[in-house]
Amino acid sequence: MTVTLEVSDNVGTIRLDRPPMNALDVAVQDRLRELAEEATRREDVRAVILYGGEKVFAAGADIKEMQEMDHTAMVLRSKALQDSFTAVARIPKPVVAAVTGYALGGGCELALCADYRIAAENAKLGQPEILLGLIPGAGGTQRLARLIGPSRAKDLIFTGRMVKAEEALTLGLVDRVVPAAEVYEQAHAWAAKLAKGPALALRAAKESVDAGLETDIDTGLTVERNWFAGLFATEDRERGMRSFVEEGPGKATFR
């Protein structure tokens, strides 16, 4: 399989495995959507890692495959392409991208679908589509601008340049830079910690932040208020508050 989902200790790893560069062809795109939907459904998956292996995250779309498509073909395909990435972005659980080597074009756009990004010191990220006479088509013009701001996003998209890990950290494109050998380990530690947290509260937090970014503040506050009040109906809220009162903060065990 070109993409797999492996689950251990409530952490699901969505692993790209299409050597040598994990090019994101149609089959990979469709499989990503299937596994994102599976990770969403499965109760034994409490957090998710996006990973391309030790050498490369994903170097972009399969250009040879795209070259064969005409306008009509891409009109039909582009929605499915975006839907695959949106399925990853909408996994209602914490998602971390473990980025090694290249994360370019669609690879960068896939990393943008995560909630948190840990990059190797040798990582290089970018949106080089302009060099093909194109623009990002899997959410790059939207998610990148929301993450790092429109001016910085336009610089990367207009020039098509790659940025190394340290500049990506400065831009806010990644959240942590670590030695290449530690990328997956640290991503797993981040995911495993959150996998032990209150699942519904984490979902509420993620959906509140994401929904708020798409609307005005009053609507965002309404989303937050509804989730906040709704969590008072959960067992985890009872356990968390009881533990805080009786034992102090940070000692609750959630179900």
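These figures come from a predicted structure and were not determined experimentally.

Asks: Now, about the packing of helix H1 (residues 26-41) against helix H3 (residues 71-89): what can you tell me, with residues and values included?
Replies: Contact geometry for H1 and H3: axes closest at 8 Å, N-to-C directions at 40 degrees. Taken together, the axes of H1 and H3 lie oblique to each other. At the point where H1 passes H3, the crossing takes the left-handed sense. Facing H1, whose interface residues are Val 26, Gln 29, Asp 30, Leu 32, Arg 33 and Ala 36, H3 presents Arg 77, Leu 81, Asp 83, Ser 84, Ala 87 and Val 88. Along the lines of polarity and charge, the residues of the contact of H1 with H3 split into 6 nonpolar, 2 polar and 4 charged.

Asks: Quick one: what's the story with the pairing of strand E3 (residues 47-51), residue by residue and with numbers?
Replies: Counted residue by residue, E3 has 5 buried out of 5 residues, so it is predominantly covered. Two elements, strand E2 (residues 11-16) and E3, share 5 bridges in a ladder whose sense is parallel. Each residue of the ladder has a partner; that of Val 11, found in E3, is Ala 47. A crossover connection joins E2 to the parallel E3 through H1; in handedness this β-α-β unit is right-handed. Direction of pairing for E3 relative to strand E4 (residues 95-99): parallel, over a ladder of 4 bridges. Looking at the pairing, Ile 49 lines up with Val 96 of E4.

Asks: Lay out a negative patch on the surface in plain terms, naming residues and giving numbers.
Replies: A contiguous patch of negative charge on the surface is contributed by Glu 121, Glu 166, Glu 182 and Glu 185. Counting through the fold element by element, Glu 185 comes out in helix H8 (residues 183-195).

Asks: Quick rundown of H3? Include the residues and the values.
Replies: The end-to-end C-alpha distance of H3 is 27 Å, a good match for the 27 Å that 19 residues give at a rise of 1.5 Å each. At Arg 77, H3 shows its strongest bend, of approximately 35 degrees. Those residues of H3 not exposed but buried are Arg 77, Leu 81, Ser 84, Phe 85, Thr 86, Ala 87, Val 88 and Ala 89. In this structure, the buried residues of H3 make contact with H1, E3, helix H4 (106-112), helix H5 (140-148) and helix H9 (199-213). N-cap assignment for H3: the residue whose side-chain oxygen lies 3.3 Å from the backbone N of Thr 72 is Asp 70.

Asks: I'd like a description of the sheet that holds strand E8 (residues 162-164), backed by residues and values.
Replies: If you trace the 3 strands from one edge of the open sheet to the other, you get E5-E7-E8, paired in mixed fashion. Among the strands making up the open sheet, the edge pair consists of strand E5 (102-104) and E8. Within this sheet the neighbouring strands show an average axis-to-axis angle of 20 degrees, counted without direction. Across 3 bridges, the pairing between E5 and strand E7 (residues 124-126) is parallel. Within the sheet, the bridge partner assigned to Leu 104 lies in E7 and is Gly 126.

Asks: Could you give me a rundown of the nonpolar core, with the residues and numbers involved?
Replies: Within the largest apolar cluster, 47 residues are counted, with the highest numbers of intra-cluster contacts made by Leu 50, Phe 57, Leu 125 and Leu 173. Ala 47, Ile 49, Val 183 and Ala 191 belong to the second-largest nonpolar core, a separate cluster that totals 15 residues.

Asks: Lay out the pattern of salt bridges with the relevant residues and their values.
Replies: As enumerated under the stated definition, the model contains 16 salt bridges in all. Taking the shortest distance from any N to any O, the salt bridge between Arg 42 and Glu 38 comes out at 2.9 Å. Lys 206 is paired through a salt bridge with Asp 115; the nearest N and O atoms lie 3.0 Å apart. With a gap of 91 residues between them, Lys 206 in helix H9 and Asp 115 in the loop between H4 and strand E6 (116-120) connect regions that are remote in the sequence. Accessibility expressed as a relative area gives 31% for Asp 115, which makes it partly exposed. One salt-bridge network, held together by shared partners, links Asp 30, Arg 33, Glu 37 and Arg 77.

Procedures and definitions
Residues numbered from 1 in each chain as written. Predicted model: local features only at pLDDT ≥ 70, side-chain atom pairs only at ≥ 80, totals over all residues. Heavy atoms only, no water. Axes fitted to C-alpha atoms, helices over the stretch in contact; angles between N-to-C directions. Helix = DSSP H or I, 4+ residues; strand = E, 2+ residues; numbered from the N terminus. Parallel < 35°, antiparallel > 145°, perpendicular 65-115°, else oblique. Left-handed = near helix turned anticlockwise from the far one by under 90°. Contact = heavy atoms within 4.5 Å. Nonpolar A, V, L, I, M, F, W, Y, C, P; charged D, E, K, R; others polar. Buried < 20%, exposed > 50% of the residue type's maximum accessible area, 1.4 Å probe, protein only. Pairing = 2+ DSSP bridges. Right-handed = clockwise from strand over helix to strand, strands pointing away. Patch = residues over 30% accessible without salt bridge, like charges linked within 9 Å, V, L, I, M, F, W, Y side chains within 5 Å. Areas by Shrake-Rupley, 256 points an atom, 1.4 Å probe, with all protein chains shown as cover. Salt bridge = Lys/Arg side-chain N within 4 Å of Asp/Glu carboxyl O. Lys, Arg positive; Asp, Glu negative; His and termini not counted. Charge placed at Lys NZ, Arg CZ, Asp CG, Glu CD. Expected span 1.5 Å × (residues − 1). Bend = angle between axes of the 7 residues up to and from the residue. Polar contact = N/O pair within 3.5 Å; in protein donor to acceptor, adjacent residues only side chain to side chain. Core = buried A, V, L, I, M, F, W, Y, C linked by side-chain atoms within 4.5 Å.

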